[in-house]
Amino acid sequence: MGLSEQKVSLSGRRIMIASYVEEVAATSKAALRKSFPAADTDYMGGKSDGAVYESNFAGKDLAATYAMILAFLKEEGYHDIPLPVNVEELLQFQLATRNRQVLLFEDNGYVHNPVKILFPLDRRKKSTLILKLYNEQAEQHLLRFHNKL
């Protein structure tokens with residue numbers, strides 16, 4: 001708790017504006033990578049089954065959506081994962097096929113353990129991306145990540 005003061009001029013007269021400021025204690029939360037959400041948990045707008053966290057991101061355009069994902073990943077402890085530099089590079093990972101059967105078996109987007117940034121099957125959702133994060137401590141993590149389970 002504290003009192004902040006600000007001195008300004010109004011019509012040539014010096015006045016002081018004081019406001020009562022309540023200091024908010026910074027709550028430190030563990031990053032998702034260090035403290036993966038338990039099964040059947042909602043976390044920051046996404047869902048976790050204990051092994052995989054999935055969340056949809058949608059911004060005004062694909063660049064804004066990708067920027068949100070980059071900020072989220074950095075905040076949640078995934079800053080050391082190589083990621084596409086920008087949305088143009090991300091688009092290079094989008095599968096060109098319109099065959100829905102192929103898209104059911106392949107990851108349509110960028111994949112680097114433990115992160116998947118995928119394009120939705122519904123191509124009308126042009127500004128939406130799906131983020132999947134895999135729990136690196138989960139049993140058979142690599143098999144799950146590579147869709148072998």
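Residues numbered from 1 in each chain as written. Predicted model: local features only at pLDDT ≥ 70, side-chain atom pairs only at ≥ 80, totals over all residues. Heavy atoms only, no water.

Chemist: Mind showing me how you'd approach the side chain of Asn-108 here?
Modeler: Relative to the elements of secondary structure, Asn-108 occurs in the loop between α3 (100–105) and β6 (109–112). At 2.7 Å, the side chain of Asn-108 forms a polar contact with the backbone nitrogen of Leu-95. (Helix = DSSP H or I, 4+ residues; strand = E, 2+ residues; numbered from the N terminus. Polar contact = N/O pair within 3.5 Å; in protein donor to acceptor, adjacent residues only side chain to side chain.)

Chemist: I tried to follow the side chain of Asn-135 on my own but got confused; where do I start?
Modeler: Along the chain, the position of Asn-135 falls in the loop between β8 (128–134) and α4 (141–145). A distance of 3.0 Å separates a polar side-chain atom of Asn-135 from the backbone nitrogen of Gln-137. With residues near it in sequence (within four places) discarded, Asn-135 still touches Phe-36, Gly-50, Ala-51 and His-141. (Contact = heavy atoms within 4.5 Å.)

Chemist: What is the right way to look at helix α1 (residues 62–75) in this model?
Modeler: Residues separated by three or four positions in an α-helix point in the same direction, a consequence of the helix having 3.6 residues per turn. With 14 residues, α1 ought to run about 20 Å at 1.5 Å a step, and its terminal C-alpha atoms sit 20 Å apart, in line with that. Burial in α1 covers these residues: Leu-62, Thr-65, Tyr-66, Ile-69, Phe-72 and Leu-73. One face of α1 carries all of its buried residues, which in axial projection span an arc of 120 degrees. As for α1, its buried residues are in contact with β3 (39–43), β5 (52–58), α2 (87–91), β7 (115–118) and β8. Taken from the residues just after α1, Gly-77 is the one with a positive phi, measuring 95 degrees. (Expected span 1.5 Å × (residues − 1). Buried < 20%, exposed > 50% of the residue type's maximum accessible area, 1.4 Å probe, protein only. Arc of directions from axis to C-beta.)

Chemist: Hey, could you run me through the packing of aromatic side chains in this one?
Modeler: All chains considered together, the criterion is met by 5 aromatic pairs. A ring pair is formed by Phe-93 and Tyr-110, whose centres lie 4.9 Å apart and whose planes are at 80 degrees; its orientation type is edge-to-face. Here the residue Phe-93 occupies a position in the loop between α2 and α3, and Tyr-110 occupies one in strand β6, the gap between them amounting to 17 residues. Judged by its relative accessible area of 9%, Tyr-110 falls in the buried class. Cluster of aromatic residues (ring-pair linked, three or more members): Tyr-43, Tyr-53, Phe-57 and Phe-72. Lys-116 extends its terminal NZ or CZ atom over the ring of Phe-145, reaching a point 5.0 Å from the ring centre. (Phe/Tyr/Trp six-rings, centres within 6.5 Å; stacked < 30°, edge-to-face > 60°. Lys NZ or Arg CZ within 6 Å of the ring centre and 35° of its normal.)

Scope: geometric values only; no functional claims are made or implied.
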